[in-house]
Amino acid sequence: MHANLHDAEAQLRACEELAELAQHEAHNREVLRACGAVEAICTALSTHAARCGGVHVPGEVEKLLAAGCLALRYLARGDEFNKIYMREHGAVECVCGLMKAHRGVAPIQEEACGALANIAGTLRNKVYMCRHGAVESVCAAMTTHRSVANVQGYALCAIRNLAAVRKNKILMREHGALECVFQAMAIHPDAPLVQEEGCAALANLACAENHADLFKRGAIECVCAAMDAHRGVVAVQQYGCAALRNLTAESAKRKMFTRQHGAAERVLAAMCAHRSVALVQEYGCNALSNLALD
């Protein structure tokens, strides 16, 4: 890759091969990291992103930038050390810069959101990424590509992972993450990925400081609608129960509101439909416990 840095076709082929190698094998991801794959990909992305910007990206360069983000996404899959290594070697800044330069190109935004979602897999990474533009980048992608379900789905996954740290939840609300979640779920009611990740994002964004805003924007109604529309999708039911659990953790008034909107019935239906799924049962029991206590 270093020898043909300015050759977009050569870089594209290399990124595609790296993505293929990193997709399934944990050992491959370790070897690729040790061989300098992260640095090579980031260099390719930065070099070719700087050569053109905006919506009108040459086809080969667009494919290269998307393939590079996909390779980073796979390299960060399930490997905590790789996630840390990528943060320490500039992958977050590289991806966020790429998203800003090519905001209007949906395939690039989709893969970039997927990469950020996977990199945001450690506590320190989550905090670092919120301080270095990840939330703004993801929300901008969602706002620009409201009609593209895959962009919304991977962006919601990034929001979900970033919001798993308490200190990030308030910052994310202040940067418009709540609006983005609700818009995505409203526009794509039939997309299981959007509804699954939307429920998971709401579950993680729920905290004492965000509860009033979440209820005001219709979080309970949104989660119940997702669970109604996707009764057979385990992940939607699982994260729907988790969201209802977290949203009803405190105020007695909000618990009553939630009960009045049929949340308990949705939880019971999920538990009956997915008896063998441990997390549905666990989150469902937690939600029912919260709903029962004033």
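Before reading on, note that the structure itself is shown above.
Residues numbered from 1 in each chain as written. Predicted model: local features only at pLDDT ≥ 70, side-chain atom pairs only at ≥ 80, totals over all residues. Heavy atoms only, no water.

Draft legend 1. Main features of the side chain of Asn 246. Tracing the backbone through its elements, the reader meets Asn 246 in helix α16 (residues 234-247). In this structure the side chain of Asn 246 is engaged in a polar contact, spanning 2.8 Å, whose partner is the side chain of Arg 245. (Helix = DSSP H or I, 4+ residues; strand = E, 2+ residues; numbered from the N terminus. Polar contact = N/O pair within 3.5 Å; in protein donor to acceptor, adjacent residues only side chain to side chain.)

Draft legend 2. Examining the nonpolar core more closely. If you look at the biggest cluster of nonpolar residues, it comprises 100 residues, and the most contacted ones within it are Ile 159 and Met 172. With 10 residues, helix α4 (residues 59-75) is the single largest residue contributor to this core. Those residues in contact with Ile 159 that lie beyond four places of it in its chain are Val 138, Met 142, Met 172, Ala 177, Val 181, Ala 201 and Leu 205. (Core = buried A, V, L, I, M, F, W, Y, C linked by side-chain atoms within 4.5 Å. Buried < 20%, exposed > 50% of the residue type's maximum accessible area, 1.4 Å probe, protein only. Contact = heavy atoms within 4.5 Å.)

Draft legend 3. Local environment of helix α19 (residues 278-292). The end-to-end C-alpha distance of α19 is 21 Å, a good match for the 21 Å that 15 residues give at a rise of 1.5 Å each. When α19 is considered as a whole, its buried residues turn out to be Val 280, Tyr 283, Gly 284, Ala 287, Asn 290 and Leu 291. Along α19, the residues classed as buried sweep out an arc of 125° about the axis, all on the same side. Every exposed residue of α19 that faces more than 90 degrees away from the buried side is listed here: Ala 278 and Ala 292. (Expected span 1.5 Å × (residues − 1). Arc of directions from axis to C-beta.)

Draft legend 4. Representation of the packing of aromatic side chains in the model. Counting across every chain of the model gives 1 aromatic pair. With 6.0 Å between their ring centres and 65° between their planes, Phe 215 and Phe 257 make a pair best called edge-to-face. One end of the pair, Phe 215, is in helix α14 (residues 211-216); the other, Phe 257, is in helix α17 (residues 252-260), with 42 residues separating them in the sequence. Using a relative accessible area of 11% as the deciding quantity, one classes Phe 215 as buried. Among the residues examined, Phe 257 registers a relative accessible area of 27% and is labelled partly exposed. Over the ring of Tyr 128 we find Arg 87; its NZ or CZ atom is 5.8 Å from the centre of that ring. (Phe/Tyr/Trp six-rings, centres within 6.5 Å; stacked < 30°, edge-to-face > 60°. Lys NZ or Arg CZ within 6 Å of the ring centre and 35° of its normal.)

Draft legend 5. Broad picture of the state of the cysteines. On inspection of all chains with the given rule, the structure shows 0 disulfides. The closest cysteine sulfur to the non-disulfide-bonded Cys 42 is located on Cys 94, 4.2 Å from its own sulfur. The exposure class assigned to Cys 42 is buried, which follows from its relative accessible area of 8%. Here Cys 69 is not disulfide-linked; the sulfur of Cys 94 is the nearest cysteine sulfur, at 7.1 Å. Its relative accessible area of 0% is what places Cys 69 among the buried residues. (Disulfide = S-S within 2.5 Å.)

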